[in-house]
Protein chains: 2
Amino acid sequence: MHLNNSQNSKPMFDHFLANKPNPIKNNKLRSLKTGQPIFYEGDTARGLYEVVEGVVRNYKLTADGRRQIVSFGYPGDIIGINHDGCHHNDCDAISDVTLKAIDQKTDTDFAYSLIRYTAAELTLMHEHFLLLGRKSAMEKVASFLNVLQNRIGKRDGKSVCYDLPMNRTDIADYLGLSIETVSRCFSKLRQEGIIGLPQINQVCIYDLGALQGLTEVEH
Amino acid sequence: MHLNNSQNSKPMFDHFLANKPNPIKNNKLRSLKTGQPIFYEGDTARGLYEVVEGVVRNYKLTADGRRQIVSFGYPGDIIGINHDGCHHNDCDAISDVTLKAIDQKTDTDFAYSLIRYTAAELTLMHEHFLLLGRKSAMEKVASFLNVLQNRIGKRDGKSVCYDLPMNRTDIADYLGLSIETVSRCFSKLRQEGIIGLPQINQVCIYDLGALQGLTEVEH
DNA sequence: CGCCTGTTTGAGTTGGGTCAAAGAGAGTGG
DNA sequence: CCACTCTCTTTGACCCAACTCAAACAGGCG
């Protein structure tokens, strides 16, 4: 799901996404601290960014404050994609983040890799629809831990470990659950010896097979 | 959300999506009857199609048969978009359907309109995430009726009317609800005089303001 | 140490699911 | 034309997974 950035630069174009000048120089890095906003719904889009370091969250809010996180952006992910020059969701940093402005060159190869990237994003979203609409709380949490494991897990002896940059509220708002339910699922998985939580934001999967068995239980 | 198809044709390319030869001649029309499958998850992708007439459903299945419809494809929508040459969801016709094979030409303008199309699709999906993860049954149904009204509603005096090509099961699987809950919400809206159901698959919205007020109720 | 923020656990409630049965069309065929 | 069947929808009764509310716990920090 990483953008295959081709190297040759040509005259700028911006008419295919935002049609506003990009105030950030090409390939310029932008650093943000934990919690800083990156853009808001309704903002004029000022080009695309690649997450180089850290993690961001993209989310939608209702008028009364309910929140749905639509995706977490890890290094390699592109943020700011839009079709009409303005953003349709809020985005902020959930850890210290470095972004790289993406050169929107008139390069056909670039356009194709961007198509492939957004198409891959659509595929992931279809999977997440199934999770939100049709999975139980435990299936949601197990699926979440398994997807992260695939993406950022590091083998550590017999187990697979990784950091959770997001807190329980973020996880709940990503999975369409309450924080209490997320916490209860974590506790249950820990009690059954399937995972361990050596630190509050660190996961070790001891029994990957069992975890994957829980991502889609026969009804 | 319609693809702005540009006219000038150039040598074929297919490396940006499916990398298999397209067996359908360019712009050839393909007709399908209600219920016919268009493609399955795992199938080799054979290019893109535009829905010209009728409605299709794109959906994911779990091993035990739970289903989540990820989108309905109306005329103007593109189906078959993928990033790796194979399909990641099932697709079939829910009415008699005509498809048009899309010429995958090396046209930069085409690539950009495809980017804009998929970006718009992402935006719609973000909205649907909020619906699936954070809305009540009544909010889901009201939002669904309102979105359709925007897209295919026809003004009829004081009310807005349209046909529902999908049955209650399809609606339920799109909104992450049971058919009984969908039916109960329809009945409630009817009893309150907000909508009418002159035929089983025809909706008339009598009080659009009230309906829109229900799409996101204060908690 | 005390405070603050985030997490876990417990208790009670409820929205929406399941199961069951009735109703409503749309075919079909005698 | 009507009886019968089949499928889809509606309605009712009941139940449970996940929510809310509340309180305890844990770690980090000034």
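What counts and what doesn't
- Chains are numbered independently. Their residues run from 1 in the order of the written sequence.
- To label them, take the chains in the order written and letter them from A, then take the ligands in the order written and number them from 1.
- Side-chain atom pairs in this predicted model are given and counted only at pLDDT of 80 or more, local residue features only at pLDDT of at least 70, and totals for whole chains, interfaces and linings cover all residues.
- Hydrogens and water are ignored here; the side-chain numbers use all heavy atoms of the structure.
- Here pLDDT means the predictor's own confidence in every residue, given as a number from 0 to 100.
- Any pair of residues with heavy atoms lying within 4.5 Å of one another is described as a contacting pair.
- Two strands make a pair as long as DSSP finds a minimum of two bridges between them.
- The secondary structure listing takes helices from DSSP runs of H or I that are at least 4 residues long and strands from runs of E that are at least 2 residues long, numbered from the N terminus.
- Being near a molecule or strand, for a residue, means having at least one of its heavy atoms within 4 Å of it.
- For this analysis, a polar contact is any N or O atom pair within 3.5 Å, provided that within protein one partner can donate a hydrogen and the other can accept it, and provided that sequence-adjacent residues contribute only side-chain to side-chain pairs.
- In the scheme used here, Gly and all other residues not listed as nonpolar or charged are polar, with Ala, Val, Leu, Ile, Met, Phe, Trp, Tyr, Cys and Pro taken as nonpolar and Asp, Glu, Lys and Arg as charged.

### A short note on the confidence of the model for chain A
Considering every residue of chain A, the mean pLDDT works out to 88; 87% of them sit at 70 or more. Considering only residues more than four positions removed or in separate chains, one finds that residues 1-24 of chain A, a stretch of pLDDT under 50, has 70 contacts.

### Brief notes about the sheet that holds strand β1 (residues 29-32) of chain A
Residues and elements named next belong to chain A. Across the sheet, which stays open at both edges, the 4 strands sit in the order β1-β8-β3-β6 with antiparallel pairing between neighbours. Of all the strands in the sheet, the pair left with one neighbour each is β1 and β6 (78-79). Note: β1 against strand β8 (residues 97-101), 4 bridges, orientation antiparallel. Paired with S31 across the bridge in β8 is T98.

### Thoughts on the protein's contact with DNA strand D
Neighbouring residues of DNA strand D: 16 residues in total, closest A137(A), T181(A), R168(B), S183(B) and S187(B). For DNA strand D, the fraction of atoms within 4 Å of the protein that belong to sugar or phosphate moieties is 64%. Here a phosphate oxygen of DNA strand D and a backbone polar atom of A137(A) are 2.7 Å apart. Contact distances for DNA strand D include 3.1 Å between a base oxygen and a side-chain N or O atom of R184(A). Breaking the surface near DNA strand D down by element, the ones donating at least two residues are α4 (179-191) of chain A together with α4 (179-191) of chain B. Counting residues per element, the surface near DNA strand D draws most heavily on α4(B), which supplies 5 residues. Its residues assigned to classes, the surface near DNA strand D comprises 3 nonpolar, 7 polar and 6 charged.

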